Structure formats: structure tokens, C-alpha cells
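Listed below are the residues making up each chain.
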Amino acid sequence: MSPFARGARDGAPFLFIMVPFGALFGVIGTEAGLSFEKVVAFSAIVVAGASQLTTLGLAQEGAPLAVAVLSGLAVNLRMMMYSAALVPHLGDAPPWQRAVIGYLLVDQTYALAQARFEDAPGWSTRDKVAYFAGTASYVFPAWVGATAAGALLGAALPDWLPLGFAVPLAFVALVAPMLRTAAHAAAAVTSVVLTLALAGVPWNGGLLIAALIAIAVGAEVERRTT
Amino acid sequence: MTWLAIGIMGLATWAIRWSFLGLIGDRPLPDWIRRHLRYTGVAVMPGLVAPLVLTPAEGGVEVAALAGCAAALAVGAWRRDAMWAVAAGAAAYAAAALL
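Quantities reported herein were computed from a predicted structural model and do not represent experimental measurements. (Residues numbered from 1 in each chain as written. Chains lettered and ligands numbered in written order. Predicted model: local features only at pLDDT ≥ 70, side-chain atom pairs only at ≥ 80, totals over all residues. Heavy atoms only, no water.)

### Digging into the overall build of chain B
- A count of helical and extended segments in chain B gives five helices and zero strands.
- The secondary structure elements of chain B, listed N-terminal to C-terminal, are α-α-α-α-α.
- On C-alpha atoms alone, chain B measures out to a radius of gyration of 19 Å, which is more than a quarter above the 13 Å that the 2.2 N^0.38 rule sets for 99 residues.
- Counting only C-alpha atoms and orienting by the principal axes, one finds that chain B spans roughly 55 × 45 × 25 Å.
- Here chain B holds 99 residues, and 44% of them are scored as buried.
- Between the centroid of the 7 positive side chains of chain B and the centroid of its 5 negative side chains there is a distance of 12 Å. (Helix = DSSP H or I, 4+ residues; strand = E, 2+ residues; numbered from the N terminus. Rg over C-alpha atoms; globule rule 2.2 N^0.38 Å. Buried < 20%, exposed > 50% of the residue type's maximum accessible area, 1.4 Å probe, protein only. Lys, Arg positive; Asp, Glu negative; His and termini not counted. Charge placed at Lys NZ, Arg CZ, Asp CG, Glu CD.)

### A look at the packing of aromatic side chains
Residue and element names in this part refer to chain A.
- The tally for this structure, following the rule as stated, stands at ten aromatic pairs over all chains.
- With a centroid separation of 6.0 Å and an interplanar angle of 65 degrees, the aromatic rings of Phe117 and Tyr131 are classed as edge-to-face. Of the two residues, Phe117 is situated in helix α8 (residues 107–119) and Tyr131 in helix α9 (residues 125–153); the sequence distance between them amounts to 14 residues. Like Phe117, the residue Tyr131 is buried in the burial classification.
- For the pair Trp123 and Tyr131, a centre-to-centre distance of 5.5 Å together with 50 degrees between the ring planes defines the contact as tilted.
- Here Trp123 falls in the partly exposed class, since its relative accessible area comes to 22%. (Phe/Tyr/Trp six-rings, centres within 6.5 Å; stacked < 30°, edge-to-face > 60°.)

### As for the pattern of salt bridges
- All told, the structure shown has ten salt bridges over all chains when counted by the stated rule.
- Of the charged contacts in the structure, one is a salt bridge between Asp10 of chain A and Arg9 of chain A, with a shortest N-O distance of 3.1 Å.
- One salt bridge connects Arg9 of chain A with Asp81 of chain B, and the closest N-O pair in it is separated by 3.0 Å. Here Arg9 of chain A is found in helix α1 (residues 3–11), whereas its partner Asp81 of chain B is found in the loop between α4 (63–79) and α5 (82–98) on a different chain. (Salt bridge = Lys/Arg side-chain N within 4 Å of Asp/Glu carboxyl O.)

### Here's the deal with unusual backbone geometry
- With a phi angle near 55 degrees, Val47 of chain A is a residue other than glycine that sits in the positive phi range.
- Along the chain, the position of Val47 of chain A falls in the loop between α3 (36–46) and α4 (49–60).
- Given a relative accessible area of 6%, Val47 of chain A falls into the buried group.
- Of note, Arg80 of chain B is a non-glycine position whose phi angle comes to about 55 degrees, a positive value.
- Along the polypeptide, Arg80 of chain B turns up in the loop between α4 and α5.
- Of the residues examined, Arg80 of chain B reaches a relative accessible area of 39% and is grouped as partly exposed.

### Let's talk about the domain arrangement of chain B
- Per the domain assignment, the segments making up chain B are domain 1 (1–38) and domain 2 (40–99).
- A straight line from the C-alpha centre of domain 1 of chain B to that of domain 2 of chain B covers 29 Å. (Domains from an automatic or database assignment.)

### Examining the interface of chain A and chain B
- Residue-level contacts link 85 residues of chain A with 59 residues of chain B.
- When chain A packs against chain B, the two sides together hide about 6,400 Å² of surface, and 77% of this comes from carbon and sulfur.
- Linking chain A with chain B are three salt bridges, by the criterion used here.
- At the surface where chain A touches chain B, the tally comes to 19 residue pairs in polar contact (both at pLDDT 80 or more).
- Per-element tally for the side of chain A that touches chain B: the top contributor is helix α6 (residues 78–90) of chain A, with twelve residues.
- Across the side of chain A that touches chain B, the residue classes break down as 59 nonpolar, 14 polar and twelve charged. (Contact = heavy atoms within 4.5 Å. Buried area = accessible area lost by both parts, 1.4 Å probe. Polar contact = N/O pair within 3.5 Å; in protein donor to acceptor, adjacent residues only side chain to side chain. Nonpolar A, V, L, I, M, F, W, Y, C, P; charged D, E, K, R; others polar.)

Written out as C-alpha cells, the structure is:
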């Protein structure tokens, strides 16, 4: 299987995630009074569901637009860590490819790539870029398309569809295959405990602090066990 | 939401994602930094999901969501494959919700 096909296959199950999540954003965006064009453009330009919901929610509550946008961006700061984590694998790709990867670097594409690249040390940068493109090939169109569907269908979507469960399920499904060593497990447990303990920190700061400490814990456990 | 706000948010989000990948490029990283970067995913994502399922909502912690996440975690770690994790999580959620 080519790296691109491999990436597409690994990304495919996230259709079941991106479709409900995108639809959820489409419904909420339309109910918040955004035009169809704006809701779809929001998903296509920003490509970050959690931050879009944050910004939209705050704007709805009457927060100043600048505050709403900055809060949404704070939710996205974690992706700076994803960007750094991919440097050893994709850093020597051509600049234009790195620019496109930046546009498509979401939780799903990052997590799949990180897990696969550690398993495939023989891959060239070209192979890795192709794999990354494969992971995005379903996820990105599904995200934008589902937003459009949600915005059009709106209240016509059946109530029994548990749209909200798609988000936690996506993250668990991304993390579970990464738990390959005691160091990975230690980082994950640290992340959970500290995020819950730091839930009161504003601007999504609890997650960022928890993540930085969890990274250090993982690296330290690796150093001591290998 | 204005078009300007959407545009600024899109540009800034892209800059966040491009940052290290675009600016560091192929300059070599020291081993200790590479060792830390390997744990980025497992350090960020559990923290994203934990408050969603473990913080009680109005009706208390949702049992079906907990069951779904537990099944996805167990099967995903065992099969080392997201497809199995999604299937197991959805099945456990549906089973727990119906019971």
C-alpha cells in the first residue's frame, strides 16, 4: 500500500467523527444567526472545530469580538506543539508543502502521522508528506461538507443522533493507539490529572500547562527506562 | 461574527500550525528536544478529552459516554488502530445508552 493510500485508510474511520462534529458546528452556527456562507467559510478557513465553537459561543454571549477570537486562538495554541513535534519528520519538505501541511494540521492528521512515523523509520520525507496528505484526504472534505450539511439541515437532524459524543470519542481513538510504552502512559495520565486539577485557569491555560508538564514526564520516564 | 474576524482567526490559526514546521525546517534538533516532542500527542489529547467526560454536567457524568470512551481506549490500545477504537466506542456507547 502506498503511503498516501495508507494515510487515507487510517484517516477513514474519522469520517464517523468529522461528519457529526461538522454537522454540530453547522447547526450551532446557523442557530447563532450566521449566514450559510459564513458558517461554511468558518470551517473551511479556520479548520479547528473546538476553537470555532469557543469563539462562536463567546460572541453569542455578547463578549467583544476581539475577546471571542483571542479565546478561540488560545484553544488552538496546542497545535504549536504539534507543529514542533513534526519538525523531525517533515522539516525538510519543500516550503510550500510545509505551508499546506500547516493548513491541514488538525488533531486527527497530527496524531495519525505521529503514530505512523514512529512505526515507519524507513520512510523518506516524501513518503511522510504523502501519508500526511492521505490522512487529510477524507478528514478535511468531511469537515467542511458536514458543516454545510448541518447548516442546511439544521433542526431537521434527528434528536437521537449523539453528535456531542463524537468529540470525546475522536480524541480517545487517536490517543489509544499511541499508548505504546510506560512513558507514553505516564504522559497521558499526567495530562488527565493536571487538566482536571487546573480546570479553573482561564484562556485554556490549564491544558497548556498540563501538556507541557506531561511532555516532560514522558521524556523523563523514557530517559530512565531506556 | 464578521468576515474580518473569520479571516484573522484563520490566518492566526494557520500561523500557529505552521510556526515550528515552517521556521525551523530542516535544522537539526538536539536529542533531548526530540525526546520531549515524541510525547506531544499523548500529553495534549488526554487533557482535551478528560474534562468532556469526567466533569459532571447538569445530569451528572454521562455513563454511556464513559462506557464508550473506556471501550475505545481499551480496544484502541490493544489493536493499535483508530478504526477499531471508533467502532468499539460507538458500539459501547449505543449499548449503554439503550440499557
